Structures are given as C-alpha cells and as structure tokens.
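# Per-entry structural report
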Amino acid sequence: MQTSIDEILRRLGGNEAAATLTGVSPEAVRKWRSAGAIPPRHWPAIMTATGLTMEDFSAPSSSEVPPGATAALVLADGSVFWGRGFGAHGISQPSELCFNTGLTGYQETLTDPSYAGQIITFTFPHIGNVGTNAEDEEASRIFARGLVVKEDFTAPSNYRSTADLGAWLAKMGIPGIAGVDTRALTLRIRDLGAPNAVLAFPEDGKFDLKALAAQAAAWGGLEGLDLAKEVSCTQSYEWTGGTWSWEHGFASPEPRFNVVAVDFGAKRNILRSLASAGCKVTVVPAQSTAEDILRHKPDGVFLSNGPGDPAATATYAVPAIQGVMAAGVPIFGICLGHQLLSTALGGKTYKLERGHRGANQPVKDLTTGKVEITSQNHGFAVDEKSLPAGVEVTHVSLFDGSNEGIACKAKRVFSVQYHPEASPGPSDSAYLFKRFVDMLG
Ligand SMILES: NC(=O)CC[C@H](N)C(=O)O
C-alpha cells in the first residue's frame, strides 16, 4: 500500500533516514508537491529517496501568466511568485533572496551596499508610503538586485519626498514586484534558507520560467564571492558629507582625530557618525594595503560594512588589518569589518541559514550587561569557538546566541556585527562611536 504524505512527514520530522522512504512513488510525490503538501525543507530527503531531480520535483507547473501579472519572482527550485512590476524593466541577475523585518527605512535599506548580490523582500507590507529623497540614500546607487513587496506603493505622503518609490527605483535601474504574498515567501526563506532567485519584469511581458529557474539554480550563491571590491570607492577621499545630529552626548563635532575608514561598501551614516564623534575621516578603497592606510598617519582605523563572503574579502583585507595592528593603531569594525577583524585575529566565519536583517534585533553588551535593540544586515557570522585566547566576546545576539561583537584589549581593537549607525533603525548602539574615540584620545 502507498505510504501517505502524513506518514512520510512524520518520519522525516523524526529525522529518520531518507532510506526509510523507499517505495514512495515519484508520481505520488509530484502530486503532493503540486498540492503544496511538502515543506521545502524536506525536499532534499524526498528527492534522495525517490530519485527525482530538483527539476522534476519542482519545475513550474504552468507558464501561463495570470491575469494582471507583469512581473515574476522565480526561485531556483522553480517556484514562481507572480505580481505587478514597478521600477526598472528588466531581468535581475541571479541573486540571493533575503527578507528584512524593518518597519521603516526602506530607502536606507535598499541603498546599503551590503545588499549587493541580493533581492530584498520586506516583511512589512506597506513599503513606499513616504516616497524617496536624496538625503536618505546610504550610497549613490542601489547594489541590491531587486525589491519584493506585498502592497502596491501609494502616492508619497511626506514633505521630504521628491520622487515616488517606482520612479526612484526606475532611475536606479532596479526592478520591483508588488502583490507578492510576502508572508508565504518569508516562511519559504525560513524553511529553505536563503534561496537563489531571479526577478523578471520584462518589457514585452513574456516569461520563460524554466530558463529563469535554471539561471537561478545555476548561480553559485554568495559563498566565496568578494563583492566588497566591486562596491568600494576606487580613489581615496576625505569625508565632507557632514555629521549626524543624534543624541549621543558628544560635546563637539570638531575633528580631533585622524581616522582612515576602509570602504568595503560603507554606509554614509557610518562616516557621518565618525565625523560626529570628532573624527576627520579619510575614506580609502577596500584593497588598500597596510602601507596605503598608514601613509595617512591615522590615530585610528575604521573597517566598514560591506557585501559578500568575508572569507573571500579576507584574502587582501586580513594582511592589511594585520599590518595596521602590528603598527599599534586602534581599530573599530562594523559588520563585514567585524568579520574581517575577527579573521585577522585568527577567527573563522560561517554562513548563517537565513541571516539577520531588520531594525529590531536584540543584542546584549556583555561588558555592561545592557541589552540594546539594533539594526542588522548580515548573512555570515563569526564562529566564537574559532576565536583564539586574548580575543574577548563582547556582544551576543539574544535571538540565536550568535556572535555580535569582539574585542582584543592588548591590541586596542574591537568590532560589532550590527549597525550602531542605525539608518535605518534605533540608535541604542551609538555609544560605540564614543567607545572608539575614547580609545584614540
Ligand atoms: N552588512 C554587512 O557588512 C554584511 C557583511 C557580510 N556581507 C554578511 O552578509 O554577513
């Protein structure tokens, strides 16, 4: 007698070996699959047991464009999310699909260069209501490859708005899709990890779903990719973009310290925050050597956030950071900068299943016992077990216990995995810029 799907899921839920599924017919699996009865996390085990390939198992069942649909988000497993396109026409490069739980700050999120190589889906349904403006851009362009939202954006309701979300995205050359069940999509990302996807908003309204799914599936993903050098500035420059007037208790933004910021994909509000803390900031390209950095005679060095796999960027960044440490110059790192500093100290990084992205992530500062609500955007993390003696764990995520900060007092260096510059998100962690300048003076 044919085993029932409930029985199969019970066995898989109990983590029994896929071998216990022998005798399950491929036809039955196809039927259950098209009825949506098999959670994606069980697909690999069922495929192993039945001999079905990913293509057989999950190819789109129909290539008919539903009425009103002008765009499609196609996942590597062949799932298709139809919707209404906006922004720029075109077909995105294959990307990692990730979700962000922020309720506000979509423009800062979209322009954060750390999203290079990714399509962003917001869990918050109303994106675009306050339009867009030039002040809220964290970089001069969008490095993310697409935007997925639930509701169509409405006419902007904000005195600062100069363009609606669609016009701004079109200007930036990025496609968007609205009308997607982003709750279902987020659950899917949770179950699958972050899948590869392609966002298609073709001008001619034609979709070759199999080809799009195949493109997504053929892409190797973010692991091993050094994207920092692609989003970094190419020439050094001095930051003249102002300060950030938030309540952080600094007496004066008069520059007291000479800081070199290594740009792996820096957000502007980090540079503003350093300036607000009293730093004259010289921004240098990602691939600067220790010599290039030390030539500016810095009082301190800052390592920025940035996209891609830290292990790939480490090939050139780690020798530079080690050179700066050998010269005894204090270092502060944020996000990718944290991962690179940890690697330079002897630690290792790994890919998180689905990453932390949003403005509501609780982190405990172990040095003070205080909990702060933080802004985050990362898909990799530092493996605490890999950190050598002398490197202290200073911050931990209260969501999943993963590492959120380290310090090495002997070398006067520290870093955090999250974003104390906020933008978007709460400014609970702004004290870290003070911690940095206190170390310099
Ligand atoms: N915001 C960041 O700097 C991200 C760092 C790294 N690219 C990650 O995904 O973990």
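Residues numbered from 1 in each chain as written. Predicted model: local features only at pLDDT ≥ 70, side-chain atom pairs only at ≥ 80, totals over all residues.

### Quick notes on the overall build of the protein chain
The helix and strand tally for the protein chain stands at 14 helices and 18 strands. Here the C-alpha atoms of the protein chain give a radius of gyration of 23 Å, agreeing with the 22 Å that 2.2 N^0.38 yields for 441 residues. With the C-alpha coordinates aligned to their principal axes, the bounding extent of the protein chain is approximately 75 × 50 × 35 Å. Expressed as a percentage of its 441 residues, the buried residues of the protein chain come to 50%. (Helix = DSSP H or I, 4+ residues; strand = E, 2+ residues; numbered from the N terminus. Rg over C-alpha atoms; globule rule 2.2 N^0.38 Å. Buried ≥ 20, exposed ≤ 12 C-beta atoms within 10 Å, placed from the backbone.)

### A short note on the pairing of strand S10 (residues 257-263)
Of all the 7 residues making up S10, 5 are buried; the element is thus mostly covered by neighbouring parts of the structure. A crossover links S10 with its parallel partner strand S11 (residues 279-285), the connecting element being helix H10 (residues 268-276), and its sense is right-handed. Here S10 runs beside strand S12 (residues 300-303); their pairing, made up of 4 bridges, is parallel. Among the inter-strand pairings, Ala261 is bridged to a residue of S12, identified as Phe302. (Right-handed = clockwise from strand over helix to strand, strands pointing away. Pairing = 2+ DSSP bridges.)

### A short note on the nonpolar core
Soluble, globular proteins show a tendency: their nonpolar side chains are buried together. In terms of nonpolar packing, the biggest core is built from 107 residues, with Val74 and Leu274 touching the most fellow members. Among the domains, domain 2 (71-218) and domain 3 (228-440) are the pair contributing at least three residues each to this core. With near-sequence residues (within four places) excluded, Val74 lies in contact with Val80, Ala197, Val198, Ala200, Leu209, Leu212, Ala213 and Ala216. (Core = buried A, V, L, I, M, F, W, Y, C linked by C-beta atoms within 7 Å. Domains from an automatic or database assignment. Contact = placed C-beta atoms within 7 Å.)

### Points about the site of the ligand
Around the ligand sit Ser114, Asn305, Gly306, Pro307, Gly308, Pro310, Cys335, Leu336, Asn377, His378, Gly379 and Phe380, and that is every residue in its neighbourhood. With 4 residues, the single largest contributor to the shell around the ligand is strand S15 (residues 370-383). Class assignment of the residues belonging to the shell around the ligand gives a composition of 5 nonpolar, 7 polar and no charged. (Near = placed C-beta within 6 Å. Nonpolar A, V, L, I, M, F, W, Y, C, P; charged D, E, K, R; others polar.)

### Section: the domain arrangement of the protein chain
The domains assigned to the protein chain are domain 1 (1-39), domain 2 (71-218) and domain 3 (228-440). Domain 2 and domain 3 are separated by 27 Å when their C-alpha centres are compared. On the side of domain 3, 24 residues touch domain 2, which itself brings 22 residues to the contact. Elements that contribute at least two residues to the side of domain 2 that touches domain 3 include exactly strand S4 (95-100), helix H5 (106-110) and helix H7 (182-192). Of the residues forming the side of domain 2 that touches domain 3, the biggest block, 3 residues, is contributed by S4. Taken together, the residues that form the side of domain 2 that touches domain 3 break down as 9 nonpolar, 9 polar and 4 charged.

### Some points on helix H12 (residues 310-326)
Considering bend angle alone, the principal kink of H12 is centred on Tyr316 and spans about 55 degrees; proline Pro319 follows within four residues of it. For H12, every residue scored as buried is listed here: Pro310, Ala311, Thr313, Ala314, Ala317, Ala320, Ile321, Val324 and Met325. (Bend = angle between axes of the 7 residues up to and from the residue.)

### A short note on the UniProt feature "binding site: L-glutamine" (unreviewed entry) in the protein chain
Under the UniProt annotation, "binding site: L-glutamine" (unreviewed entry) lies at Ser114, Gly306, Gly308, Leu336, Gln339, Asn377, Gly379 and Phe380. For this annotated set, covering 267 residues, all C-alpha atoms fall within 13.1 Å of each other, a compact arrangement in space. Summarising the element assignment, Gly306 is placed in the loop between S12 and H12. What Gly306 contacts, discounting residues up to four positions off in sequence, is Pro113, Ser114, Ala228, Val231, Phe264, Gly265, Thr313 and Leu336. Residue placement: Leu336 occurs in helix H13 (residues 336-344). Leaving out residues up to four positions away in the same chain, Leu336 has contacts with Ser114, Ala228, Phe264, Gly265, Ser304, Asn305, Gly306, Pro310 and Thr313. (UniProt positions renumbered as here; feature names shortened; annotations may be inferred.)

### Considerations on the UniProt feature "domain: Carbamoyl-phosphate synthase small subunit N-terminal" (unreviewed entry) in the protein chain
The UniProt record marks residues 69-200 with the feature "domain: Carbamoyl-phosphate synthase small subunit N-terminal" (unreviewed entry), using the residue numbering of this structure. In residues 69-200, the share of helix is 18% and the share of strand is 29%. The end C-alpha atoms are 11 Å apart.

### Points about the sheet that holds strand S17 (residues 403-408)
The 10 strands lie next to each other as S9-S11-S10-S12-S13-S18-S17-S16-S14-S15, forming an open sheet whose pairing is mixed. Edge positions in the sheet fall to strand S9 (237-238) and S15, since each of these pairs with one other strand and no more. Judged from the 4 bridges that link them, S17 and strand S18 (residues 413-416) form a sheet pairing that is antiparallel. Bridge pairing in S18 links Gly405 to Val416. On the sheet, H10 packs against S10, S11, S12 and strand S13 (331-334) and is oriented at approximately 150 degrees with respect to S11. The strands that H13 touches are S12, S13, strand S14 (348-365), S15, S17 and S18; relative to S13, the one it contacts most, it runs at about 125 degrees. (Axes fitted to C-alpha atoms, helices over the stretch in contact; angles between N-to-C directions.)

### Digging into the environment of Ile174
Among the structural elements, Ile174 can be located in the loop between helix H6 (165-172) and strand S7 (175-178). Along the primary structure Ile174 and Gly379 are separated by 205 residues, whereas in three dimensions their C-alpha atoms are 22 Å apart.

### Observations concerning the environment of Cys335
One can find Cys335 in the loop between S13 and H13. A residue is classified by how many C-beta atoms lie within 10 Å of it, and Cys335, with 29 of them, is buried. As for Cys335 and Pro310, which are separated by 25 residues in sequence, their C-alpha atoms are 9.6 Å apart. Those residues in contact with Cys335, other than ones at most four positions away along the chain, are Ser114, Asn305, His378, Gln417 and His419.

### Focus on the packing of H12 against H13
Put simply, H12 and H13 touch, their axes get as near as 8 Å, and they point 65 degrees apart. The orientation of H12 with respect to H13, classified from their angle, is roughly perpendicular. Both H12 and H13 take part in a crossing whose hand is right-handed. Of the residues in H13, those touching H12 at Pro310, Thr313, Ala314, Ala317, Val318, Ile321, Gln322 and Met325 are Leu336, Gln339, Leu340, Leu341, Thr343 and Ala344. Of the residues in the contact of H12 with H13, the class split is 10 nonpolar, 4 polar and no charged. (Parallel < 35°, antiparallel > 145°, perpendicular 65-115°, else oblique. Left-handed = near helix turned anticlockwise from the far one by under 90°.)

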